[in-house]
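Structure assessment
Next come the chains, spelled out residue by residue.
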Amino acid sequence: MASSSVPAHVLRGAWDWWEEVNNSTLWQDRIFHALAALFGLVSAVALIQLFRIECRVPEFGWTTQKVFHFLNFLVNGVRSLIFIFRRHIQKIKPEIVQHVLLDLPGLAFFTTYALLVLFWAEIYYQARSISIDGLRPCFYTINAVVYAIQFALWFLLWWEPIQAMIILSKIFFAGVSLFAALGFLLYGGRLFLMLKRFPVESKGRRKKLQEVGYVTTICFLCFLLRCIMMCFNAFDKAADLDVLNHPILNFLFYLLVEILPSSLVLFILRKLPPKRRITQYHPIH
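The paragraphs below set out a description of the structure included in this document. (Residues numbered from 1 in each chain as written. Predicted model: local features only at pLDDT ≥ 70, side-chain atom pairs only at ≥ 80, totals over all residues. Heavy atoms only, no water.)

**Some thoughts on the nonpolar core**
Where we set the bar: Here, nonpolar core means buried Ala, Val, Leu, Ile, Met, Phe, Trp, Tyr and Cys residues that are tied together by side-chain atoms lying within 4.5 Å of each other. Buried, partly exposed and exposed residues are distinguished by accessible area as a fraction of the type maximum, computed with a 1.4 Å probe on protein chains only: under 20%, between the cut-offs, and over 50%, respectively. A helix here means a DSSP run of H or I that spans at least four residues, while a strand means a run of E at least two residues long, and both kinds are numbered starting from the N terminus. The criterion used for residue contact is that any of the two residues' heavy atoms lie within 4.5 Å.
Counting 67 residues, the largest nonpolar core has Tyr113, Leu116, Trp120, Phe184, Val215, Phe223 and Val265 as the members making the most contacts within it. Mapped onto this core, the elements with two or more residues apiece are helix H2 (25–56), helix H3 (64–84), helix H5 (95–127), helix H6 (135–159), helix H7 (163–197), helix H8 (203–235) and helix H9 (247–268). Top contributing element to this core by residue count: H5, with 15 residues. Those residues in contact with Val215, other than ones at most four positions away along the chain, are Leu116, Trp120, Val265, Ile268 and Leu269.

**Here we look at a nonpolar patch on the surface**
Definition in use: Here, patches come from residues exposed beyond 30% relative accessible area and free of salt bridges, joined within 9 Å for like charges and within 5 Å for nonpolar side chains (Val, Leu, Ile, Met, Phe, Trp, Tyr). For every accessible area listed, the method is Shrake-Rupley and the probe measures 1.4 Å; residues are considered covered only by the protein chains on display. By definition here, a salt bridge exists when the distance from a side-chain nitrogen of Lys or Arg to a carboxyl oxygen of Asp or Glu is within 4 Å.
The grouping of Leu225, Leu252, Leu256, Leu260 and Leu264 at the surface amounts to a nonpolar patch, some 390 Å² of accessible area in total. Looking at which element gives the most residues to the nonpolar patch, the answer is H9, with four residues. Structurally, Leu225 can be placed in helix H8.

**Re H6**
Quick reminder of the rule: The span you would expect from a helix comes to 1.5 Å times its residue count less one.
For H6, built from 25 residues, the straight-helix expectation of 36 Å at 1.5 Å per residue is met to within 8% by its first-to-last C-alpha distance of 36 Å. Within H6 the residues assigned to the buried category are Leu135, Arg136, Phe139, Asn143, Val146, Gln150, Leu153, Trp154 and Leu157. The secondary structure elements touched by the buried residues of H6 are H3, H5 and H7.

**Section: the packing of aromatic side chains**
Filter applied, for reference: Here the aromatic set is Phe, Tyr and Trp, taking the six-membered ring for Trp, and pairing holds for ring centres within 6.5 Å; pairs whose planes are under 30 degrees apart are stacked, those over 60 apart are edge-to-face, and all others are tilted. We call a charge positioned over a ring when the NZ of a Lys or the CZ of an Arg lies within 6 Å of the ring centre and within 35 degrees of the ring normal.
Scanning the model with the defined rule gives 20 aromatic pairs in all. Measuring from ring centre to ring centre gives 5.1 Å for Phe83 and Tyr254, while their planes differ by 75°; the resulting arrangement is edge-to-face. With a gap of 171 residues between them, Phe83 in helix H3 and Tyr254 in helix H9 connect regions that are remote in the sequence. Both rings, one in Phe253 and one in Tyr254, keep their centres 5.0 Å apart while their planes meet at 85°; by these two values the pair is edge-to-face. Taken together through their ring pairs, the aromatic side chains of Phe68, Phe109, Tyr113, Trp120, Phe184 and Phe223 make up a single cluster. We note Arg30 situated over the ring of Trp27; from NZ or CZ to the ring centre the distance is 5.0 Å. The ring centre of Phe267 lies 4.1 Å from the NZ or CZ of Arg270, which sits over that ring.

This is how it looks when you write it as structure tokens:
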């Protein structure tokens, strides 16, 4: 009976190729510039969509939808610049500045998609005639606590740059990602089930049901994968994302947890708001 295992020389060849690409300055630059281009493209799409919405409903000011697209533009644009100048960033001293520059867009990514959870929670509570007065203060408080803890960890890492603090910071990121995943599962799932129970069959209801279902699934898997990967990143040197000689891992990570989810969500939410319907939009105060 033939063995189904992969021959040793094939595994050795694949490993040699992986190491060759990882340690090649040329391939590092190619992969990081490819990431910069992809992030730049997503940023441009978000900006175009923001302008389209503003032209459609300029009278509503900064709605939740507009803020969501603006934050997408900002986060992806900053990521693009970071990957363009990644080699220069790795040389910055003190090292804590590197951690801030590499990690801060991840926090902003969390805020961007937490805003979407807030929007869905408001729709769900309003549909059930439940007061939404406490939702926005809760949103701001959660974000303030997350940023305060992360800045405290950065300060401690600058004060005492030991490996344990780096691990703690990455584990905190993993916990924040898990919290976001559960938020999408809770409020996206609730809104999906509520829409599914509506007795009126219409094309608009079916589209909204698909929209909520797709975005909930994408964002839940995105933040869950980020949580798992950050746990590996914290304890396994081979999964370290903060070094130059792991470009393939960086490409796969950012493609799966930021670029692809953002692209899909922007595509799904591409529909422009209807004119003169104030009740569907909630400005950020």
